[in-house]
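# What the coordinates show
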Amino acid sequence: MGDLAVRALRVVLAVVFVGTGLVQVLMVWMMISGNDPEDGSLPLTPMRIIVVLGMVAAQVALVCVWRLVAMVRRGTVFSHAAFRYVDGVIGAMVGAALLWFAVTAVNAPGQREDPGVTVIMAGIGVAVLGVALVVLVLRMLLAQAVERDGEATRMRAELDEVI
C-alpha cells in the first residue's frame, strides 16, 4: 500500500472519527440540557440515543480499519492478529444495521400514509447486513491467505534445512 494512500486514508479516518465524536457530544448535550423540546411528531430522545450508539459502531469500525492499515504497512496483516480487527468491523456493521432497524421501527408509526419509506429504510438495513456478509467472506479469504502464508513459511524452512 502506497505511503500517500495510507496517509490519505488515515486523514479520512481521523476526520470521520472526530466528526462522529462531535455528533455524539451534541446529541448527549441536547438530551441532558433539555433545550430542544420535542414537538411530538417524532420521539427525539430514542432517536438521539440510537444516533449516539450508531456513532460508537462507526468509531469501532474506524479504529479497526486504522489498525488493519497499520498491519498492512508493517507487512503483518497475514497473521491471526488481523482477525480480531476484521471481526470488529463485522460486529460494528451488524450493530449499525440493528440500530438502523431500530430507527426504522421508531420512524414507522409516522409513515402510515406512506409505508414505502419504511420499506426503503428496512431495505437499507438489509443492505448494510449484506455489506457485513461481504466483509465476512473477505475474512474467510484472509484466513486462507494466513494459512497459505504459514504453509509457505514452513516449506521455506524445510527447504533451508535441505540446502
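Just so we're clear, the structure is a prediction, and the values are computed from it rather than from any experiment. (Residues numbered from 1 in each chain as written. Predicted model: local features only at pLDDT ≥ 70, side-chain atom pairs only at ≥ 80, totals over all residues. Heavy atoms only, no water.)

## What about the nonpolar core?
Among the nonpolar cores identified, the biggest contains 15 residues, and Leu68, Met71, Ala82, Val86, Val135 and Leu142 are the most heavily contacted of them. At the level of elements, α2 (44-74), α3 (81-107) and α4 (116-162) are the ones that each hand at least two residues to this core. For this core, the element with the highest residue contribution is α3, accounting for seven residues. Beyond its immediate stretch of four places on either side in the chain, Val86 contacts Leu68, Val135, Arg139 and Leu142. (Core = buried A, V, L, I, M, F, W, Y, C linked by side-chain atoms within 4.5 Å. Buried < 20%, exposed > 50% of the residue type's maximum accessible area, 1.4 Å probe, protein only. Helix = DSSP H or I, 4+ residues; strand = E, 2+ residues; numbered from the N terminus. Contact = heavy atoms within 4.5 Å.)

## Quick look at the packing of α2 against α3
Between α2 and α3, whose axes approach to 9 Å, the crossing angle comes to 160 degrees. In terms of axis orientation, α2 runs roughly antiparallel to α3. Pair α2 / α3 crosses with left-handed handedness. Here α2 contributes Met47, Ile50, Leu53, Gly54, Ala57, Val60, Ala61, Cys64, Val65, Arg67, Leu68 and Met71 to the contact with α3, which in turn contributes Ala81, Ala82, Tyr85, Val86, Gly88, Val89, Ala92, Ala96, Leu99, Ala102, Val103 and Val106. Classifying every residue of the contact of α2 with α3 gives 21 nonpolar, two polar and one charged. (Axes fitted to C-alpha atoms, helices over the stretch in contact; angles between N-to-C directions. Parallel < 35°, antiparallel > 145°, perpendicular 65-115°, else oblique. Left-handed = near helix turned anticlockwise from the far one by under 90°. Nonpolar A, V, L, I, M, F, W, Y, C, P; charged D, E, K, R; others polar.)

## What about α4?
Here α4 contains 47 residues, and its C-alpha end-to-end distance of 69 Å stays within 8% of the 69 Å for a straight helix at 1.5 Å per residue. Thr118, Met121, Gly125, Ala132, Val135, Leu142 and Val146 are the residues of α4 that are buried. Packing partners of the buried residues in α4 comprise α3. (Expected span 1.5 Å × (residues − 1).)

## Some words on the environment of Leu99
For Leu99, the position within the fold is in helix α3. Leu99 sits in the buried class, given a relative accessible area of 18%. Setting aside residues no more than four positions away along its own chain, Leu99 makes contact with Ile50, Leu53 and Gly54.

## Some points on the packing of helix α1 (residues 3-33) against α2
At their nearest, the axes of α1 and α2 sit 9 Å apart, and the two run at 160 degrees to each other. Classed by the angle they form, the pair α1 and α2 counts as roughly antiparallel. When the axes of α1 and α2 are compared, the crossing they make is left-handed. For the contact of α1 with α2, a count of residues per class yields 23 nonpolar, five polar and four charged.

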